[in-house]
Amino acid sequence: QVQLAESGGGLVQAGGSLKLSCEASGHTFSNYAMGWFRQGPGKDREFVVAVSRSGSNTFYADSVKGRFTISRDNAKNTVVYLQMNSLKPEDTAVYYCAARRYGEAGTTPSDYNKWGQGTQVTVSS
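The written sequence of each chain sets the order in which its residues are numbered from 1. Residue-level local features of this predicted model are given only where pLDDT is at least 70; pairs of side-chain atoms are given and counted only at 80 or more, and the full residue set underlies all totals for whole chains, interfaces and linings. Values reported for side chains reflect all heavy atoms of the structure, with hydrogen atoms and water molecules removed beforehand.

### A few points about the overall build of the chain
So the rule is basically this: The secondary structure listing takes helices from DSSP runs of H or I that are at least 4 residues long and strands from runs of E that are at least 2 residues long, numbered from the N terminus. Put simply, the radius of gyration uses C-alpha atoms, and a globule should come to 2.2 Å times the residue count raised to 0.38. Burial status follows relative accessibility: with a 1.4 Å probe on protein chains alone, a residue under 20% of its type maximum counts as buried, one over 50% as exposed, and anything between as partly exposed. Contacts were defined at the residue level, with two residues in contact if any of their heavy atoms lie within 4.5 Å. The Shrake-Rupley method, run with a 1.4 Å probe, gives the accessible areas here. Residue values count only the displayed protein chains as cover. Residues scored as positive are Lys and Arg, those scored as negative are Asp and Glu, and His as well as the terminal groups of each chain are ignored. Where a charge sits is defined by one atom per residue type, namely NZ (Lys), CZ (Arg), CG (Asp) or CD (Glu).
For the chain, the helix and strand inventory stands at zero helices and eleven strands. Relative to a compact globule of 125 residues, whose C-alpha radius of gyration would be 14 Å, the chain shows 13 Å and is just as compact. The principal-axis extent of the C-alpha atoms belonging to the chain is close to 40 × 30 × 25 Å. Taken across its 125 residues, the chain has 42% of its residues classed as buried. Partitioning the intrachain contacts of the chain with sequence separation of at least 6 by distance along the chain shows that 60% fall at a separation of at least 24. Total accessible area computed for the chain in this model is approximately 6,200 Å², and 44% of it derives from carbon and sulfur atoms. Treating the 13 positive side-chain charges of the chain as one cloud and the 10 negative ones as another, the clouds have centres 3 Å apart.

In structure tokens form, the structure reads like this:
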């Protein structure tokens, strides 16, 4: 079973940037489609972005298009990155990395069968 560990969260002012990392271990990284989800206070977990197993296809929620970028390079390491620019207070949430073995990159939590512990992102106004 793959293990996931997120890092890079923190406190940032509106308009600022953060880069999250999710390191996978314990299984062949290229077998997994990867996604990022977030859950704000009192809200359901929502889709942010996903990337296919090869890294060639990406999918973004409308709310983050043009501001967030997901990336992976299976030849270099077993990390998926989430670059977040032009952050807004409404981006405040716990961000979770998720993995889906062999399947396509999905946009709902039920598409994924392995989750990290989450990392807090707080954007102040």
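### Brief notes about the state of the cysteines
Under the convention used in this document: The term disulfide is used for any two cysteine sulfur atoms that are within 2.5 Å.
One pass over the full model with this rule turns up one disulfide. Bridging Cys 22 to Cys 97, the disulfide has an S-S length of 2.0 Å. Because the torsion about its S-S bond is -80°, the bridge between Cys 22 and Cys 97 counts as left-handed. Of this pair, Cys 22 sits in strand E3 (residues 18-25) while Cys 97 sits in strand E9 (residues 93-101), and the two are 75 residues apart along the sequence.

### Observations regarding the nonpolar core
Rules: Here the nonpolar core consists of buried residues drawn from Ala, Val, Leu, Ile, Met, Phe, Trp, Tyr and Cys, with membership extended through side-chain atoms lying within 4.5 Å.
Counting 35 residues, the largest nonpolar core has Met 34, Trp 36, Val 80, Met 84 and Tyr 95 as its most contacted members. Mapped onto this core, the elements with two or more residues apiece are E3, strand E4 (32-39), strand E5 (46-51), strand E7 (68-72), strand E8 (79-84), E9 and strand E11 (119-124). Residues contacting Tyr 95, with those up to four places away along its chain left out, are Glu 6, Leu 20, Trp 36, Phe 37, Arg 38, Val 48, Phe 68, Leu 82, Met 84, Gly 118, Thr 119 and Val 121.

### What about the sheet that holds E3?
Filter applied, for reference: Here, any two strands with at least 2 DSSP bridges between them count as paired. Axes here refer to lines fitted to C-alpha atoms; in helices the fit is confined to the stretch in contact. Angles between the N-to-C directions go from 0 to 180 degrees.
With respect to topology, four strands assemble into an open sheet ordered E1-E3-E8-E7, the strand pairing being antiparallel. Only two strands of the sheet have a single partner each, and these edge strands are strand E1 (3-7) and E7. Each strand of the sheet is rotated relative to its neighbour by a mean of 15°, with strand direction disregarded. Both E7 and E8 contribute to a ladder of five bridges, which runs antiparallel. Following the sheet pairing, Ser 71 is matched in E8 by Tyr 81.

### A word on the packing of aromatic side chains
Each aromatic ring pair is specified by the distance between its two centres and by the angle formed by the two planes. Keep this limit in mind: We call Phe, Tyr and Trp rings a pair once their centres come within 6.5 Å, taking the six-membered ring for Trp, and we label the pair stacked below 30 degrees between planes, edge-to-face above 60, and tilted otherwise.
Summed over all chains, the structure comprises four aromatic pairs. Plain terms: the ring middles of Phe 37 and Phe 47 are 5.7 Å apart, the flat faces sit at 70° to each other, and that makes the pair edge-to-face. Of this pair, Phe 37 sits in strand E4 while Phe 47 sits in strand E5, and the two are ten residues apart along the sequence. By relative accessible area, which is 0% here, Phe 37 ends up buried. We classify Phe 47 as buried; its relative accessible area is 14%. Consider the rings of Tyr 112 and Trp 115, whose centres lie 6.3 Å apart with planes at 65°: the pair is edge-to-face.

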